[in-house]
Amino acid sequence: MNDLKKGVSRRDFLSTTVKAGTVGALTAGVLLASCSSKKTAEELGLPPLLDKAPDGKKLKAGLVGTGHRGTGAALNFLDAGSNLELVALADVFQERIDECRKKLKEKDVKIADNMCFTGFDGYQQLMEQELDVVILATPPYFRPQQFAAAIRAKKHVFMEKPVAVDPTGIRMILAAAEKAKALGLNVVTGTQRRHRRDYVATYEQIANGAIGDILSAKAYWNQSHVWYREKQPKWSDMEYMIRNWNNFAWLSGDHIVEQHVHNIDVINWFAGKTPAFAIGYGGRARRKTGDQFDFFSIDFNYGRGLSMHSMCRQIDNCANGIGEFIIGTKGMSNCSNKIFDLDGKPIWSYEYPKNEKGESSGKVKVSPYVQEHIHLVTAIRTGNYVNHAFDTAFSTLTGIMGRTAAYTGRKVTWKEIMESDMKLGPEKMEFGDVNMEFNVPIPGE
Amino acid sequence: MAHRSINNRKGKKHLTFFILGAVVVYLLTLSIGIVSDKTSTDSYCISCHVHTQADAAWKLSTHADNYSGVIVHCVDCHLPPRGQGYFIAKVKHGVKDVYSYWTKNPEDIDWEKMKDPEEAAHFTYNESCVNCHSNLFPSTLSDDGGDAHLYYQQNRESLNCINCHISVGHFDKNRKHEHNLEFGSNNNSEKEVFTEPALVEKFEDFIEYIPNTTVSFEMVAIKGEIFTMGSPMDESFSQTKERPQIRVQISPFWIGRAEVSWDEFLAFYAQTATKGHADDMADKTDADAITGPTAPWGAPDQGWGKGKRPAITMSFHAAEVYCEWLTKVTGKKYRLPTEAEWEFACRAGTEMPYFFVGDPKDYSKKGWKRTFIDPVTEVITDYAVYAENSHFKTYEPAKVKPNPFGLLNMPGNVWEFCSDWYEVEAYRQYEDQGTIVNPTGPAEGTEHVIRGGAFDSDAIELRSANRDHTRTTDWLVTDPQIPKSAWWYSDSKNVGFRVVCEQNKN
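Note that the coordinates shown come from a computational prediction; the quantities given were computed from them, not determined experimentally.

*Asks:* Where do I start with the interface of chain A and chain B in this structure?
*Replies:* Interface extent is often summarised as the accessible area lost during association of the parts. Chain A puts 13 residues into the contact, and the matching count from chain B is 16 residues. A buried area of about 1300 Å², summed over both sides, lies between chain A and chain B, and 56% of it is on carbon and sulfur atoms. Among the residues chain A hides against chain B, the three largest losses belong to Lys179(A), Glu419(A) and Asp421(A). Together they make up 41% of the total. Of the charged contacts, one joins Asp147(B) and Arg171(A) as a salt bridge, the two residues approaching to 3.0 Å between their closest N and O atoms. Summed over the shared surface of chain A and chain B, the result is 3 residue pairs in polar contact (both at pLDDT 80 or more). Ranked by residues supplied to the side of chain A that touches chain B, first place goes to helix 8 (residues 167-183) of chain A with 8 residues.

Encoded structure:
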């Protein structure tokens, strides 16, 4: 751990060792031996952190869900390397496609009229086109069906988090992910902390023992209220819910799943496992529309004494913050860029690129949103297979387990939630009035 | 030099021996290989395995008849893959088969029993299944299939492929692995449809008619009495769970002459069944309506036939709801028997191991001396369907003679649910309390009592005092649905029940 104390990053240390090889075989042997106990980035399953994907044959992509994130994801894909094209769009609403095309046009990306598909089955028509990659960025409810369809159509996939809103959907994702694996189709997901260079470097330190065994974890996403839409007279129930999807549990999974999954995923990643059960609570204090809670506090128990306290809240004028924290037997870390000893003294920190003034920029060199797509394109072009669907499905299910614990007030185990037949949403996907009661859940009922 | 030449000669000799040895080893290996290959062909297997039905069923199965034209041969499933114990298993099965060939009569072999996945696992290798089927998630797999294989991934220790895919090697129309939506659609149109239930005015035997069906069944009046429950220490094979013996007073009740038949259970199924999952139940608007079973998985009757054979594989919950439904349609209070009522009815006034004469020691097949002396089957075979006479399946009640109360199949045929929670030391709580009136068992528990033994039981289990219990987890182990069925056990086929009718207190 000397390298940590000196503040030398692992990569620097390795290159130093290589140079030292000239010093003498004996010395090099000793040094290499001291390194061999450390796991390489590849052994740790970390992504290749290239600045740009390698060149290769042209890859054509189609985007399903052309909202803000979808449009952003498509542009991120195009930024990942050369010879990448976006050629098809699908969305439930025509005007969302129009808006997306307008934004793309500003970047000189043009989509042919006959490659734009609307309606609930628009994605199916898109999948029939000649595409290599499909980007899935609709509200989470639609993800399992669309992911399964993409794999059936034998496309590589980038999909946004979360990947489902209920256990039925999670199992559909897992089965399709297994099929993707067998077919060699690459899958990268939008839990972008796994593609942030600072998180990745911190993970590398901790996976190699920088803080010892993890004893305790915290994950939180406390912020002001999120966007919402009031119902307009011309909208049917279905249209209203989809336009206000971020406020209905069947569409978003509630914010513990939709948003907080990022933080939950980090703890699952660093702990190397998923929780055995969850107990917790939540409620609805200030939310204006929909049926979701606006705060959750969940204790996720991983067994052997390890707990994650998970907090998430979407209420204005409160103590806010977003992040993770873990404490181990030898030190602690914010998971993103700093490691401390048990007295709180910093012992390692991530070195961000410097700005023109020679100061730390505080930003990673390549945006994680682009880094994800660099990974996907690299995997497709080099044959270094990647499939993040499993990890993201398990983290999404962790969120669903926490949500269920809060909604019901009960203890919910991993086995229970894994085997649950919970399926959210209306029977049929069609515009019109929806015969569903949207009562806010009451714990203990 | 002389030294060296001797050495040279020695060296040459060594070399000759070495080459000879190598040739011998090579020829031996070659011949073993040839013998092994020759004895691994389908025609070689069939030459001794005198089961023409297995051969025919294999030709109908997807392992012989499929669109890809690939044929999966006997040894591909019935031996492990090469390099995974192939030769050891080949020798082991070979020796066993030769022994059976010379000493056994093929007609005496219980082929029905061999079809049982648990039994079949002894000569069907899971390693071989996954050796060929290495991709559990082919792109053509359905959503339900995906769910089922995810479940297998998480429970590899307790599951074999054949638990679900038993008929892939030998076709069996009764063992299709799918929801059986036609199940129970019996056509009894030519029979009389009963419009009213039985009118019972006196405490005596009666025939119950299930209204709006063609189904009736007999109920036997059992007078209340005091009896001794449990077994004495000196009864052969008496177990702690049957002791201490307690004095019990039972109030009068009626009990089914036979176990609830498929005809009776299917009348319930036809009137209450739901086709889908738990969600469907919420849709039922009639608050009084009884929601019955969902469609079963595969063939609950195991292909043995329905009719008057005892209904099997229904869950304890399903049996309870059946009683609720019967109560509603007949206006009489029907329920499962308590454990005490069951034993009282079975003993029918006797205090011996069985209500017929004989010692469990002589009837049982257990113990070292059974290698030389066959167990006694006289007497017991008249009264009970059990391992020695059942050919591993259930029978209609007419096959056996009644007990002194006139009841059929109290021991044997199928185990029967009792309403009590099971506890090993259940009788302990009544110790030194004198005579207990209508005991109902422990206040809480996780599994229920089952009584009487079944078609696959040894004579020991048929003793009037013998007790056992439900095994909910084990009995649902291969149910691929999530959550598992509340109505049908996927992995139990020897448990049924009989009903009790309470005397009207007014």
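There's more to say after this.
*Asks:* Help me understand the sheet that holds strand 6 (residues 334-335) of chain B, please; the structure alone is not making it clear to me.
*Replies:* Through backbone hydrogen bonds, the strands of a sheet pair up, either in parallel or in antiparallel fashion. Residue and element names in this part refer to chain B. Across the sheet, 5 strands lie side by side as 1-2-5-12-6; this open sheet has antiparallel pairing. The outermost strands of the open sheet, each flanked by one partner alone, are strand 1 (206-209) and strand 6. Relative to strand 12 (residues 500-502), strand 5 (residues 253-256) runs antiparallel, the two sharing 3 bridges. Within strand 12, the residue paired with tryptophan 254 across the bridge is cysteine 501.

*Asks:* Could you clarify how one ought to interpret helix 13 (residues 316-330) of chain B in this entry?
*Replies:* Count 3.6 residues to each turn of an α-helix, and residues three or four apart come out pointing the same way. All names here are of chain B. Helix length check: helix 13, at 15 residues, gives a terminal C-alpha distance of 21 Å against a target of 21 Å (1.5 Å per residue), a fit within 8%. By the burial criterion, the buried members of helix 13 are Phe316, Ala318, Ala319, Val321, Tyr322, Cys323, Trp325, Leu326 and Thr330. On its buried face, helix 13 sits against strand 1, strand 2 (216-222), helix 11 (262-272), strand 6, strand 7 (415-421) and strand 9 (448-451). At the C-terminal side of helix 13, glycine 331 shows a positive phi close to 75°.

*Asks:* Honestly, the state of the cysteines in this entry has me stumped. Any pointers?
*Replies:* When the sulfur atoms of two cysteines share a covalent bond, that bond is a disulfide. On inspection of all chains with the given rule, the structure shows 0 disulfides over all chains. Cys116(A) forms no disulfide, and the closest cysteine sulfur to it belongs to Cys100(A), at a distance of 8.2 Å. Note on Cys116(A): relative accessible area 16%, which makes it buried. Note on Cys161(B): no disulfide assigned, nearest cysteine sulfur contributed by Cys129(B) at a separation of 4.3 Å.

*Asks:* Honestly, the nonpolar core in this entry has me stumped. Any pointers?
*Replies:* Across soluble globular proteins, nonpolar side chains show a tendency to be buried alongside one another. In this structure, Leu86(A) and Phe147(A) are the most contacted members of the largest nonpolar core, which totals 140 residues. Top element by residues in this core is helix 15 (residues 389-408) of chain A. It accounts for 9 residues. Those residues in contact with Leu86(A) that sit more than four places away from it in its chain are Ala61(A), Gly62(A), Leu63(A), Ala74(A), Leu78(A), Leu104(A), Val109(A), Lys110(A) and Ile111(A). Core analysis: the second largest hydrophobic core is formed by 51 residues, Val215(B), Trp254(B), Trp304(B) and Phe497(B) among them.

*Asks:* Before we go on, may I ask you to explain the domain arrangement of chain B in this structure?
*Replies:* Residue and element names in this part refer to chain B. You can read the domains of chain B as domain 1 (39-163) and domain 2 (206-502). If you average the C-alpha positions of domain 1 and of domain 2, the two centres end up 34 Å apart. Contacts between the two partners involve 10 residues from domain 1, matched on the other side by 11 residues from domain 2. Taking both partners together, domain 1 and domain 2 bury about 930 Å²; carbon and sulfur atoms supply 60% of that area. On the domain 1 side of the interface with domain 2, the three residues burying the most area are Glu112, Asp116 and Tyr151, jointly 45% of the side's total. Where domain 1 touches domain 2, the interface holds 1 salt bridge. Linking aspartate 116 and lysine 493 is a salt bridge whose minimum nitrogen-to-oxygen distance equals 2.3 Å. Where domain 1 touches domain 2, the interface holds 1 residue pair in polar contact (both at pLDDT 80 or more). Counting residues per element, the ones that place at least two in the side of domain 1 that touches domain 2 are helix 6 (111-114) and helix 9 (143-154). Ranked by residue count, the leading element in the side of domain 1 that touches domain 2 is helix 9, at 3 residues.

Definitions and cut-offs
Residues numbered from 1 in each chain as written. Chains lettered and ligands numbered in written order. Predicted model: local features only at pLDDT ≥ 70, side-chain atom pairs only at ≥ 80, totals over all residues. Heavy atoms only, no water. Contact = heavy atoms within 4.5 Å. Buried area = accessible area lost by both parts, 1.4 Å probe. Salt bridge = Lys/Arg side-chain N within 4 Å of Asp/Glu carboxyl O. Polar contact = N/O pair within 3.5 Å; in protein donor to acceptor, adjacent residues only side chain to side chain. Helix = DSSP H or I, 4+ residues; strand = E, 2+ residues; numbered from the N terminus. Pairing = 2+ DSSP bridges. Expected span 1.5 Å × (residues − 1). Buried < 20%, exposed > 50% of the residue type's maximum accessible area, 1.4 Å probe, protein only. Disulfide = S-S within 2.5 Å. Core = buried A, V, L, I, M, F, W, Y, C linked by side-chain atoms within 4.5 Å. Domains from an automatic or database assignment.

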